[in-house]
Amino acid sequence: MRHPELWVYLIAAGATGILVVQHAVPADHGDHHHHAHAQVASPLPVELAWWMVMVVAMMLPLIAPSARRIATASLWSRRHIAVGEFLLGYLAVWAVVGVVLLIPIAAIWPADPPTFAVVAALLLAAGWQTTRRRRILMRRCGSVGSVAVRGWAANRDCTAAGWRIGRLCVVACGPVMVAMALGHNIVLMFLLAAVLLGERTRGPNPARRAGRPREAWYLVVLAGSVIVLM
């Protein structure tokens, strides 16, 4: 297979499908579904599970090129294992972030968070979008570094690379994901994912891809549209 990262896209597509189906389920069925799960899991694990599905849907397409670099830097016989270890490290970061975010959100707003909180998060993301610090982080996001090719060292390096890229992504894209943690809206998710993908498809020069005012204005427009979306 010339594209060892292909299954990363497929997993993201599957997660997107799950979210679309969950969004399309009628409210009464959804409530019943929620109550059925509440008997076997506390609200936090359920919310964390949905958070991780959303992270997979939104963020894996962004890091698939990095997963490809990990695969090509590894032995042919273990390149899919290397990608899996990379994703494990990457998603572990977002799992920690999910716990840190969801606990205070549930404590402050036991029901759905208010619209103004989502708007504030989007405006914060718009302000962060074009800062110099974020541009520096974006230039580093695609670098996976060197990895060992055999044994325990290879497992460690691939997982550590995912953890490192995950930490960079959290800082670079954190405000956008805070908006999603507050919003829980499928349309908003698609639009924000399009913004994040858009700034990564400009060209080979990271300095030109990251920090464009265009994406910041998109986020401002989304902030003004949240009332309609939600």
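Along each chain, numbering runs from 1 in the same order as the chain's sequence is written. Per-residue local features are limited, in this predicted model, to residues with pLDDT of at least 70; the limit for side-chain atom pairs, both in listing and counting, is 80 or more; totals at the level of whole chains, interfaces and linings are taken over all residues. By convention in this description, side-chain values take in all heavy atoms of the structure and omit both hydrogens and water.

## Some thoughts on unusual backbone geometry
Positive phi, close to 50°, is recorded for His184, a residue that is not glycine. Position of His184 among the secondary structure elements: in the loop between helix H7 (151–183) and helix H8 (186–198). Burial classes follow relative accessibility: with a 1.4 Å probe on protein chains only, a residue under 20% of its type's maximum area counts as buried, one over 50% as exposed, and anything between as partly exposed. You can call His184 partly exposed: its relative accessible area is 48%. Helix and strand labels come from DSSP, where a helix needs a run of H or I of at least four residues and a strand needs a run of E of at least two; each type is numbered from the N terminus.

## A short note on the pattern of salt bridges
Salt bridges, as used here, are contacts in which a Lys or Arg side-chain nitrogen is within 4 Å of a carboxyl oxygen on Asp or Glu. Evaluation of the coordinates by the stated rule reveals 4 salt bridges. With its nearest N and O atoms 2.6 Å apart, the salt bridge here joins Glu199 to Arg134. Here Glu199 is found in the loop between H8 and helix H9 (206–209), whereas its partner Arg134 is found in helix H6 (residues 132–141), with 65 residues between them in sequence. Here Glu199 matches Arg134 in class, with each residue buried. For Arg156, the salt bridge is made with Asp157, and the minimal N-O distance between the two is 3.0 Å. Assessed through its relative accessible area of 44%, Arg156 is described here as partly exposed.

## Regarding the packing of helix H4 (residues 79–108) against H7
The N-to-C vectors of H4 and H7 enclose an angle of 35°; their axes lie 7 Å apart at closest approach. The handedness of the crossing between H4 and H7 comes out as right-handed. Polarity classes work like this: nonpolar for Ala, Val, Leu, Ile, Met, Phe, Trp, Tyr, Cys and Pro, charged for Asp, Glu, Lys and Arg, and polar for all others, with Gly in that last group. Class assignment of the residues belonging to the contact of H4 with H7 gives a composition of 20 nonpolar, 5 polar and 2 charged. Angles run from 0 to 180 degrees between N-to-C directions of axes, and those axes are lines fitted to C-alpha atoms, restricted for helices to the stretch in contact. A clockwise turn of the near helix away from the far one marks a right-handed crossing, whereas an anticlockwise turn of less than a right angle marks a left-handed crossing.

## Quick look at the packing of aromatic side chains
Ring geometry is summarised as follows: Phe, Tyr and Trp rings, the Trp one being its six-membered ring, pair when their centres sit within 6.5 Å, and such pairs are stacked at plane angles under 30 degrees, edge-to-face over 60 and tilted between the two. Under the counting rule described, the total for this entry stands at 1 aromatic pair. For the ring pair Trp51 and Trp94, a centre distance of 6.1 Å and an interplane angle of 50° mean the geometry is tilted. Here Trp51, found in helix H3 (residues 43–72), pairs with Trp94, found in helix H4; they are 43 residues apart in sequence, far enough to count as distant. There is no split in this pair, since Trp51 and Trp94 are both buried. Across from the ring centre of Trp76, 3.6 Å away, lies the NZ or CZ of Arg79, which sits over that ring. Should the NZ of a Lys or the CZ of an Arg lie within 6 Å of a ring centre and within 35 degrees of the ring normal, that charge is described as sitting over the ring.

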